[in-house]
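Structural overview
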Amino acid sequence: MRKLMLLFILLFTYGCMQQQPSTQSTEPAPEPVPLPENDFLIIAHRGASAYTTGNTLAAYEMAVQMGADYIEIDLQMTKDGKLVALHDSVVTLHDVQQAVADVTFDEIQLHSPGPEFNENPLAYTLPNFRDLRIVDLSEILDHFGDSVNYYIEMKSPEEYPGIEEELLRQLAEHQLLNREGAMPKVIVQSFDAESLKDIHAMEPSIPLTQLYKFRREAKLSKKELKELKQYASGVGVNVNAVTSKFIESMHKENLLVHPYTVNDEKTMRHLIKIGVNGIFTDRPDVASWVRNSPNRNY
Ligand code: G3P
Ligand code: CA
């Protein structure tokens, strides 16, 4: 009898242990928000950067006039916590190379953003010099408000602790989060998956694009895809690696594809034919022309 009692107590205790609630949250991770499914989104890469210095107000103004759906902004953070629209994490000040993270926003104004524009063979006009300043994100958001859509790249987030929080703070301050409408006001992209996951955890309403640079044909393993789909809604891929097979495989997983950087009409038409969902381009005027072309004979 005692043995039977003991067995009963053991079985009862085991049963209770099995029902212990997990210490981990049972809340499912929020689903990534879908990207706009327009047949062909025009994302102005650093603005209309074929024609003036990228990441300046002038480049963004031009892009908007040329019919871009999104303006793309590269984001770095200065020593004094300003988010600046700048492609490189290093600037030359007084002939010395310095990390953006080590200089203030005022100091960075000494860096001329112009030389690459002068070297650009496509450049045909020099806009007002004032607009070629390096600007911070809040100035861009103040300038355009909700009249445009923003495609923001976390450029070197590992160098800037707190950059994700500051970005979300500014977007909230400008009332650009959780907006109704056919197209999200803001999309965030990065090569850095950790930065995107942090943003997804803090603000799941923002659609995210994971960037890749493939050496050969674009391809993702099942494992990579499974992880990606936890936080991202699409992929940004170097255009020379994109194939129709890759696009099909992404679409099967409900992931959209935005190749970068596409500047010629022929490639644009080819990409539309094989089903891309948008392109990053320095020439939004060409992309608009292709999109509006009455004879879409791709
Ligand atoms: O978003 C695609 C593209 O902008 C990433 O490359 O170097 O032009 O910022 P990069
Ligand atoms: Ca970029």
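Look up a bit, the structure's there.
Residues numbered from 1 in each chain as written. Chains lettered and ligands numbered in written order. Predicted model: local features only at pLDDT ≥ 70, side-chain atom pairs only at ≥ 80, totals over all residues.

Description of the overall build of the protein
What counts is decided by this rule: For the purposes of this entry, the term helix denotes a DSSP run of H or I that reaches at least four residues, the term strand denotes a run of E that reaches at least two, and both are numbered from the N terminus. The exposure label follows from counting other C-beta atoms within 10 Å of a residue's C-beta, where the C-beta atoms are placed from the backbone and the thresholds are 20 or more for buried and 12 or fewer for exposed, leaving partly exposed in between.
Of the regular secondary structure elements, the protein holds eleven helices and eleven strands. For the protein, with 298 residues in total, the buried portion stands at 41%.

Considering the pairing of strand E2 (residues 70-77)
Formally: Pairing between two strands is assigned when DSSP locates at least 2 bridges connecting them.
Of all eight residues that make up E2, eight are buried, and the element is covered over most of its length. Because side chains alternate across E2, one face comprises the buried residues Tyr-70, Glu-72, Asp-74 and Gln-76, and the other comprises Ile-71, Ile-73, Leu-75 and Met-77, equally buried. Where strand E1 (residues 41-44) lies against E2, two bridges are found, and the strand directions are parallel. From the neighbouring strand, Ile-43 faces E2, where its bridge partner is Tyr-70. The pairing of E2 with strand E6 (residues 150-154) spans five bridges and is classified as parallel. By the bridge assignment for E6, Ile-71 is matched with Tyr-150. Pairing geometry for E2 and strand E3 (residues 83-85), over three bridges, is antiparallel.

With respect to the packing of helix H10 (residues 265-273) against helix H11 (residues 284-292)
Note the threshold: Only C-alpha atoms enter the line fits that serve as axes; for helices the fit covers just the stretch in contact. Angles between N-to-C directions range over 0 to 180 degrees. Roughly parallel here means an angle under 35 degrees, roughly antiparallel means over 145, roughly perpendicular means 65 to 115, and every remaining angle is called oblique. Should the near helix be turned anticlockwise from the far one by less than a right angle, the crossing is left-handed, and should it be turned clockwise, the crossing is right-handed. The contact rule is simple: place each C-beta atom from the backbone, and if two of them lie within 7 Å, those residues are in contact. Gly is put with the polar residues, along with every residue not named as nonpolar or charged; the nonpolar set is Ala, Val, Leu, Ile, Met, Phe, Trp, Tyr, Cys and Pro, and the charged set is Asp, Glu, Lys and Arg.
Between H10 and H11, whose axes approach to 10 Å, the crossing angle comes to 50°. Taken as axis vectors, H10 and H11 run oblique relative to one another. Along this stretch, H10 crosses H11, giving a crossing that reads as right-handed. Each of Glu-265, Met-268 and Arg-269 in H10 lies in contact with H11, whose residues at this interface are Val-286, Ala-287 and Val-290. Of the residues belonging to the contact of H10 with H11, the class tally is four nonpolar, no polar and two charged.

A closer look at the pairing of strand E7 (residues 186-190)
Put simply, side chains in a regular strand alternate between the two faces of the sheet. Spelled out, the test is: Crossover handedness is defined here as right-handed if the route from the first strand over the helix to the second strand goes clockwise, with the strands pointing away from the viewer.
Counting buried positions along E7 gives five out of five residues, so the element sits mostly inside the fold. By the bridge criterion, four bridges tie E6 to E7 in an arrangement that is parallel. Opposite Ile-152, over in E7, you have Val-188 as the bridge partner. Remark: the E6/helix H6 (residues 163-173)/E7 crossover connection has right-handed handedness. On the question of chirality, the crossover connecting E7 to the parallel strand E8 (residues 208-212) by way of helix H7 (residues 193-202) is right-handed.

Topic: the site of ligand 1
Selection rule: Whether a residue is near a molecule or strand depends on its C-beta atom, generated from backbone atoms, being within 6 Å of that molecule or strand.
Residues in contact with ligand 1, as listed here, are His-45, Glu-72, Asp-74, His-87, Glu-153, Gln-189, Leu-211, Gly-236, Tyr-260 and Phe-280. Partitioned by chemical class, the residues of the shell around ligand 1 number three nonpolar, four polar and three charged.

Overview of unusual backbone geometry
Trans is the common state for peptide bonds, and a negative phi is the common state for residues other than glycine. Backbone torsion omega between Tyr-260 and Thr-261 reads -20°, so that peptide bond is classified as cis. Residues other than glycine seldom take positive phi values, yet Arg-46 does so here, at roughly 60°. As for its placement among the helices and strands, Arg-46 is situated in the loop between E1 and helix H2 (57-65). Given 26 C-beta atoms within a 10 Å radius, Arg-46 is considered buried. The residue Gln-175 is not glycine, and still its phi comes out positive at about 50°. Inspection of the secondary structure puts Gln-175 in the loop between H6 and E7.

Here's the deal with H6
Selection rule: The directions from the helix axis to the C-beta atoms form the arc being described.
Residues of H6 that are buried: Ile-163, Glu-164, Leu-167 and Leu-171. Viewed along the axis of H6, the buried residues span an arc of 100°, placing them on a single side of the element. Seen from the buried face of H6, the exposed residues on the opposite side, beyond 90 degrees, are Arg-169, Ala-172 and Glu-173. Considering only its buried residues, H6 is in contact with E2, E3, E6, E7 and H7. Where H6 terminates, the next one or two residues include Gln-175, which has phi positive at roughly 50°.

Some details on H7
Looking at H7, one finds that the buried residues are Ser-195, Leu-196, Ile-199 and His-200. Along the axis of H7, the buried residues cluster in a sector spanning 140°; they form a single face. Exposed side chains of H7 directed beyond 90 degrees from the buried face belong to Glu-194, Ala-201 and Met-202. On its buried face, H7 is in contact with E6, H6, E7 and E8.

Some points on the environment of Pro-30
The topology assignment puts Pro-30 in the loop between helix H1 (2-18) and E1. Sequence separation between Pro-30 and His-200 is 170 residues; the distance between their C-alpha atoms is 8.2 Å.

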